[in-house]
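# Chain and residue survey
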2 protein chains.
Amino acid sequence: MTNTDSSSALGNQAASTSLTSLSRNSGESLIEQIVRMVTARIEDKVWRSGTRMPSIRRFSEQYKVSRFTVVEAYDRLVASGLLESRRGSGFYVRERTPIVPPSASTHAPAPRQLDVVWLVRNMFRQMPAQKMPGAGSLPNEWLDSDLVANALRAVARQNHNLLQYGEPQGFLPLRQQLQLKLDELEIAATPDQIVTTSGVTQALDLVARHLVRPGDTVFVDDPAWFLMFGSFAMLGANVIGIPRLPDGPDIARLAEMAALHRPKLFVINSLLHNPTSTSLSAAKAFQVLKLAEQYDFTIVEDDIYCDMHPGPAVQPATRIATLDQLQRVIYLGGFSKTLAASLRVGFIAAAPETARHLADRKMLTTLTTTEMTERVAYRILSEGHYRKHVDRLRGRLDAVRDRTVRQLERIGLRVSSHPPAGMFLWTDLGCDANTLTARAMEEGFLLAPGSLFSPSQLPSTHMRFNIAAMADPGILRFLEREIGRS
Amino acid sequence: MTNTDSSSALGNQAASTSLTSLSRNSGESLIEQIVRMVTARIEDKVWRSGTRMPSIRRFSEQYKVSRFTVVEAYDRLVASGLLESRRGSGFYVRERTPIVPPSASTHAPAPRQLDVVWLVRNMFRQMPAQKMPGAGSLPNEWLDSDLVANALRAVARQNHNLLQYGEPQGFLPLRQQLQLKLDELEIAATPDQIVTTSGVTQALDLVARHLVRPGDTVFVDDPAWFLMFGSFAMLGANVIGIPRLPDGPDIARLAEMAALHRPKLFVINSLLHNPTSTSLSAAKAFQVLKLAEQYDFTIVEDDIYCDMHPGPAVQPATRIATLDQLQRVIYLGGFSKTLAASLRVGFIAAAPETARHLADRKMLTTLTTTEMTERVAYRILSEGHYRKHVDRLRGRLDAVRDRTVRQLERIGLRVSSHPPAGMFLWTDLGCDANTLTARAMEEGFLLAPGSLFSPSQLPSTHMRFNIAAMADPGILRFLEREIGRS
């Protein structure tokens, strides 16, 4: 230990305070400078564990800084685990547990067999958005971070009720806004019939836990959003896919399977279906509802892409909940796709009795959702900024959709449906999509192969592309080379 | 419809803009003034549905405000459902769906039979804290709302990555802080072994769903935190209470029941047990762990009151996870009690393989927790303010505990254990606590009767009091009167 200046009077175990002198004009606060310099001394092992730090008084005198500054800096060093405070004796360099970075195991290369959990884990890798044409959400630069940050600042300034649990059913003013939103879709629901959730994912989990018992059958579209297959499997449900045609489910097949399996639920994206971006025709909406009545199953209508839909002039826009008025339909929505996934604000609208059960179940599962982020969503909705933002989003999607279709077709992919709206294209590669996905991962691209979207998980030649995440020309070059080869 | 000023030129269906003139010095923005005045006109039915609003240009000219101001005000009115925009034709007063306040049914008077869900629902009523001696959390004024609001503002200012899902396992810097926190308890865990959750409630739900199947047995303390009884019941588990003595579980009974029922889990508060505020002796910690090994069950150590514990000099402070090093123990913690319940920041620390399974399960259930609030918790922990805050909290609790014990004893309650720490007193009323709770509710006080804390839900003479929520002298008068009568 070097021990060269006047503070050596502190004794053998004392830290020398031979810090570079502090600057008041560096742009860095004095506290930050002290923290940085002490950290460097400890990390370079100049000051070893057990070394006593100068007292607050001595430090403050020697460096001509206030005692408050030293206390604050020492506190941060204690919090970061570098120093410890021994009662009545002062501050010491701590016996350290190195902060170990998480092992790479969760981001491992593709296993021989692709699975849902593996793909979903990869969806959350900290990869640049343009490397993720398989992603299910829009890149950051498509969203409006100022809108969210401003609302968050406003909520922080309000400074009230940021501490308590809030209501298990969700922040009431937000539920009132959602009532208005549903009213525009001609779905009548009082705030009592609305339960906020941590995204549509929790909404679906709550509904499934309420209605599905092990061994029960759940119908889903085939293809469909893959995460829920894992979620239903966890509940011991038997998951059966109903083929999705361009105008909705294959009705003959739905009738046949319903008679055979007597499902508890049918989960469906009526509008902008993931992964095909097609929407249900009004006639099919009616037929699905009739079958649900005949075979007594609940329809869970996941309308997460609601605000990306341009309206009935462009693509059919009939929600089953609008026909049924939440008798037999449980309607799910949220803001993860259009506002910010990190808000985790989704919701359920259901019949009063069902909503009450779901609110109780939510309470037993997570007590409440975060009122802070529900206040953020409320602010953005109530101030009218949300409408303009989603108008812009739709415009931007329209501006890239046709070009992306042409680019993919030029290199030999078939775009199975060329929808006039939404963020996804569902394509046919003409070769196995799993193999291509594994090769793409080696080159740093995340793709979403068709096998994942089917409850059968069978190999598939389909691939879902996110048209907002195709800006990197490398992905087209990769596809051209690989598809040419196969 | 009165139609008295120059804008009557707009025609019969047009709204008169006879608004009180706008003020630039009122402290209220021009936008807010317009919104308020238009809202009043519509709510008073001066302007009826279908009425056309003045065009943006005309409004801006007449009131000498910028078009931007009018656009912004109209947008807010559209968002709040009062106006609608008809493409190419302007803004109209909308056919209205009245906002119906939620029915009072969720806050109904006590049912003849008290139940967990009923009490928990009442816990979330918007009642003044001093009316809730039965509450499980500290009143707002005991917490530090500036600390939370400042951290939230700082996170909003950072303005980065507020949009995406974040990592399913939780915000990495927070997990690194938690590693340090656990290290101080001599529990070694890498960030890979830590999964953040939406409070301890979700932590417990994830663990139970991972390890418990319908028909399995789960042991809990008796008495214990009641919410989990409902949570386990939802999973079809058989919940059995192990009597809690002042130094920990009744070991002979635990051994006997373990041999008989072969439980999957034993959920325990080792420190500051809810509701008694007692802590496990080191010897009992060891005995519980030995029995867990012998009968091969997992110990779920819920340490939510960790930071209210004053250290081993005052009360025993042995965590089973410290003895076991997360082999057989799953450790739960969080900040709902000490920082802010609304953050919904809790965590699980477990063996690496278990943590990986729990992270996957969390992903299938809610995808991610809110990175925003995890950043808030991270900031407060890493800047060292948290330590001082919990020091103050403990001091305040110490300042009211003995006085509250004396007050309760004076009116004839027996304080079953008089613990030197924590926020709860577990008392014996000498009369049925359910009856007293129902009477208290009629007078506007929320109590927490002993029957709720037992998985048997049998009538009990015990009552839990929150010493931070006894400031209203009315509660002591009520107790004195009622207990004197019984």
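Residues numbered from 1 in each chain as written. Chains lettered and ligands numbered in written order. Predicted model: local features only at pLDDT ≥ 70, side-chain atom pairs only at ≥ 80, totals over all residues. Heavy atoms only, no water.

In the annotation of an unreviewed UniProt entry, chain A is listed under the name GntR family transcriptional regulator and assigned to Oxalicibacterium flavum. The Sequence similarities (unreviewed entry) comment attached to chain A in UniProt states, word for word, "In the C-terminal section; belongs to the class-I pyridoxal-phosphate-dependent aminotransferase family." (UniProt positions renumbered as here; feature names shortened; annotations may be inferred.)

Glancing now at the interface of chain B and chain A. Contact residues are listed per partner, giving 94 residues for chain B and 94 residues for chain A. Of the roughly 8,500 Å² buried at the junction of chain B and chain A (both faces included), carbon and sulfur atoms supply 59%. A salt bridge links Arg-209 of chain B to Asp-205 of chain A, with the nearest nitrogen and oxygen atoms 2.8 Å apart. At 8 residues, helix α5 (residues 145-158) of chain B tops the list of elements feeding residues into the side of chain B that touches chain A. (Contact = heavy atoms within 4.5 Å. Buried area = accessible area lost by both parts, 1.4 Å probe. Salt bridge = Lys/Arg side-chain N within 4 Å of Asp/Glu carboxyl O. Helix = DSSP H or I, 4+ residues; strand = E, 2+ residues; numbered from the N terminus.)

Placing chain B over chain A gives an RMSD of 0.1 Å and needs a rotation angle of 180°, together with 0.0 Å of translation along the axis. One copy is carried onto the other by what is essentially a two-fold rotation axis. Closest approach to the rotation axis within chain B is made by the C-alpha atom of Arg-153 of chain B, at a distance of 2.7 Å. Both copies share a contact surface, since 100% of the interface residues of chain B are interface residues in chain A too. (Least-squares fit on C-alpha atoms with pLDDT ≥ 70 in both.)

This paragraph deals with the side chain of Arg-361 of chain A. Position of Arg-361 of chain A among the secondary structure elements: in helix α12 (residues 352-366). Buried and unpaired, Arg-361 of chain A has Asp-205 of chain B as its nearest opposite-charge partner, separated by 8.0 Å. Engagement of the side chain of Arg-361 of chain A in a polar contact is seen with the backbone oxygen of Arg-209 of chain A, the distance being 3.2 Å. Filtering out sequence-adjacent residues up to four positions away, Arg-361 of chain A remains in contact with Leu-206, Arg-209, His-210 and Arg-213 of chain A together with Met-234 of chain B. (Buried < 20%, exposed > 50% of the residue type's maximum accessible area, 1.4 Å probe, protein only. Lys, Arg positive; Asp, Glu negative; His and termini not counted. Polar contact = N/O pair within 3.5 Å; in protein donor to acceptor, adjacent residues only side chain to side chain.)

It is worth spelling out the sheet that holds strand β4 (residues 217-222) of chain B at this point. All names here are of chain B. On the basis of which strands lie adjacent, the open sheet formed by 8 strands has the order β3-β10-β9-β8-β7-β4-β5-β6 and mixed pairing. Each edge of the open sheet is held by one strand with a lone partner, namely β3 (194-197) and β6 (248-249). In this fold helix α6 (residues 172-184) packs onto β3, β9 (329-334) and β10 (346-349), with an angle of close to 115° to the strand it touches most, β3. In the packing of helix α8 (residues 227-234) onto the sheet, the strands contacted are β4, β5 (238-245) and β7 (265-268), and the crossing angle to β4 comes to about 170°. (Pairing = 2+ DSSP bridges. Axes fitted to C-alpha atoms, helices over the stretch in contact; angles between N-to-C directions.)

The N-to-C vectors of helix α7 (residues 199-211) of chain A and helix α12 (residues 352-366) of chain B enclose an angle of 90°; their axes lie 6 Å apart at closest approach. When the axis of α7 of chain A is compared with that of α12 of chain B, the two are roughly perpendicular. Here Thr-201, Gln-202 and Asp-205 of chain A of α7 of chain A lie close against α12 of chain B, whose contacting residues are Met-363, Leu-364, Thr-365 and Thr-366 of chain B. Tallied by class, the residues present in the contact of α7 of chain A with α12 of chain B amount to 2 nonpolar, 4 polar and 1 charged. (Parallel < 35°, antiparallel > 145°, perpendicular 65-115°, else oblique. Nonpolar A, V, L, I, M, F, W, Y, C, P; charged D, E, K, R; others polar.)

Before going further, it helps to examine the packing of α7 of chain A against helix α8 (residues 227-234) of chain A. All names here are of chain A. Packing of α7 against α8 leaves a shortest axis separation of 10 Å and a crossing angle of 30°. Regarding the angle of α7 to α8, the classification is roughly parallel. The crossing of α7 and α8 is right-handed. Contacts from Thr-201, Leu-204, Asp-205 and Ala-208 in α7 reach Leu-227, Met-228, Ser-231 and Phe-232 in α8. Per-class residue counts for the contact of α7 with α8 are 5 nonpolar, 2 polar and 1 charged. (Left-handed = near helix turned anticlockwise from the far one by under 90°.)

Moving on: unusual backbone geometry. Residue Pro-223 of chain B is bonded to the preceding Asp-222 of chain B through a cis peptide linkage, with omega at 5°. Mapped onto the elements of the fold, Pro-223 of chain B is located in the loop between β4 and α8. The omega angle of the peptide bond from Asn-274 of chain B to Pro-275 of chain B is 15°, so this bond is cis rather than trans. Position of Pro-275 of chain B among the secondary structure elements: in the loop between β7 and α10 (282-295). Despite not being glycine, Glu-186 of chain A shows a phi value in the positive range, around 60°. Note that Glu-186 of chain A resides in the loop between α6 (172-184) and β3 (194-197). Its relative accessible area of 60% is what places Glu-186 of chain A among the exposed residues. Here Leu-326 of chain A, not a glycine, exhibits a phi torsion of approximately 60°, which is positive. Along the chain, Leu-326 of chain A turns up in the loop between α11 (320-324) and β9 (329-334).

With that out of the way, let us pick up the confidence of the model for chain A. Residues and elements named next belong to chain A. Chain-level pLDDT for chain A is 87 on average; 89% of the residues reach the 70-or-more range. Per-residue pLDDT stays below 50 along residues 1-13; that stretch engages in 30 contacts with residues further than four places along the chain or on separate chains. This stretch, residues 97-114, has a pLDDT under 50; its non-local contacts, to residues over four places away or in other chains, come to 20 contacts. (pLDDT = per-residue confidence, 0-100.)

Our focus in this paragraph is the pairing of strand β8 (residues 298-302) of chain A. Residues and elements named next belong to chain A. Buried residues dominate β8, accounting for 5 of its 5 residues. Judged by which residues are buried, β8 turns out to be covered on both faces: Thr-298, Val-300 and Asp-302 on one side and Ile-299 and Glu-301 on the other are all buried. Relative to β8, strand β7 (residues 265-268) is paired through 4 bridges, and the arrangement is parallel. Bridge pairing links Val-267 to Val-300 in β8.

On to the pattern of salt bridges, then. Tallied over the full model, the rule gives 45 salt bridges over all chains. With a closest N to O distance of 3.3 Å, Asp-221 of chain B and Arg-244 of chain B form a salt bridge. Of the two residues, Asp-221 of chain B sits in strand β4 while Arg-244 of chain B sits in strand β5, which places them 23 residues apart along the sequence. Taken individually, Asp-221 of chain B and Arg-244 of chain B each receive the classification buried, so the pair is uniform in this respect. Residues Glu-443 of chain B and Arg-481 of chain B are paired through a salt bridge, measuring 2.6 Å at the closest nitrogen-oxygen approach. Taken together, the residues Glu-443 of chain B in the loop between α15 (433-442) and β13 (448-449) and Arg-481 of chain B in helix α16 (residues 473-485) connect sequence positions 38 residues apart. Residue Glu-443 of chain B is classed as partly exposed on the basis of its relative accessible area of 41%. Look at the salt bridges and you will find they share partners, linking Asp-205 and Arg-209 of chain A together with Asp-205 and Arg-209 of chain B into a network.

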